[in-house]
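So you can see what is in the structure, the chains are spelled out below.
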Amino acid sequence: ESRLEILSDRDELHATWTRFGPRRDGASPHVHRQHCDLFYVLEGEFTVLVGPDRTETTIRPGTLALAPSLVVHGFRNASDGEMRYLNFHAPGGGFAPYLRGEQPGFDSFDPPEDGGRPAAEAYIGTGEVLTDGAELRVALLCDVEEIAIVEVRSAGAAAPPLHIHERHTESFYVLEGELAFTAGSEELVAGPGAWVQVSQGVAHTFRPAGEARFLNVHSPSCGFGDFTRKLIEARDDDQRAAARAAFDQKPA
């Protein structure tokens, strides 16, 4: 009926991959006081509820749902088919050890008596398209202080220079195709369904091996959304260098 895999259990990000069978309940309405809860639909139909009125919305693959702290939310599989999704808790809030049974609870509570923050403070959608060309398409799905996520389709775009992040972790989930990585002393190729996470201070770069589609996750955000906009708008090496210098990215 279900399968759950823990992808990341770093303090700044707990991430999971989940498969649910038909008509399976997920989480009843609840809030988190100190972290964001995000869902990215991979397959099937995902029914999410948000806000004091617990309004339900059915979302499909490629859609992100974000519930900030103190926004009531829950989810289920209301369809006759399977659904698969990624779940991000940023920061972790103790989610991974809770799943393993290592602690009795985590940062999750019953809805407050006042109904919590309004549903308008949640987000459900496919993001803001920052560029859409033959070789590169980038959609900014989420950009809050705790986490930023872009969905990228790349077919021959240049690899970023070898670099490090000092204040945040960078992660990737491959949706289609393959990504070739250099991270520290390792080189690897990641295919569909692979999760790659690069810790702070580890020199890394990546490039698509042919056409690829993937999620790029930064936790915490450290201004990744603004950085991506400036990098896309840059017209020469000096402007690109200035964008990198303003972000948590240093040459390796």
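The following paragraphs examine the structure supplied in this document. (Residues numbered from 1 in each chain as written. Predicted model: local features only at pLDDT ≥ 70, side-chain atom pairs only at ≥ 80, totals over all residues. Heavy atoms only, no water.)

1. Some words on the side chain of Asn216
Along the chain, Asn216 turns up in strand S20 (residues 211-219). Residue classification places Asn216 among the buried positions, given a relative accessible area of 5%. A polar atom in the side chain of Asn216 sits 3.3 Å from the backbone oxygen of Ser171. In contact with Asn216, other than residues within four places in its own chain, are Ala148, Ile149, Val150, Glu170, Ser171, Phe172 and Phe224. (Helix = DSSP H or I, 4+ residues; strand = E, 2+ residues; numbered from the N terminus. Buried < 20%, exposed > 50% of the residue type's maximum accessible area, 1.4 Å probe, protein only. Polar contact = N/O pair within 3.5 Å; in protein donor to acceptor, adjacent residues only side chain to side chain. Contact = heavy atoms within 4.5 Å.)

2. Observations concerning the nonpolar core
Grouped together as the largest cluster of nonpolar side chains are 22 residues, with contacts concentrated most on Leu38, Tyr40, Leu86, Phe88, Ile147, Ile149 and Tyr173. Those elements that provide at least two residues to this core are strand S2 (13-20), strand S4 (36-43), strand S7 (64-67), strand S9 (83-90), strand S12 (136-144), strand S13 (147-155), strand S15 (169-176) and S20. Among the elements that line this core, the one with the most residues is S4, at four residues. If sequence neighbours within four positions are ignored, Ile149 has contacts with Leu38, Leu64, Phe88, Ala139, Leu140, Leu141, Cys142, Leu215, Asn216 and Val217. Among the nonpolar cores identified, the runner-up in size contains 20 residues, and Val150, Phe172, Val196 and Ala212 belong to it. (Core = buried A, V, L, I, M, F, W, Y, C linked by side-chain atoms within 4.5 Å.)

The values are spatial; any link to function lies outside them.
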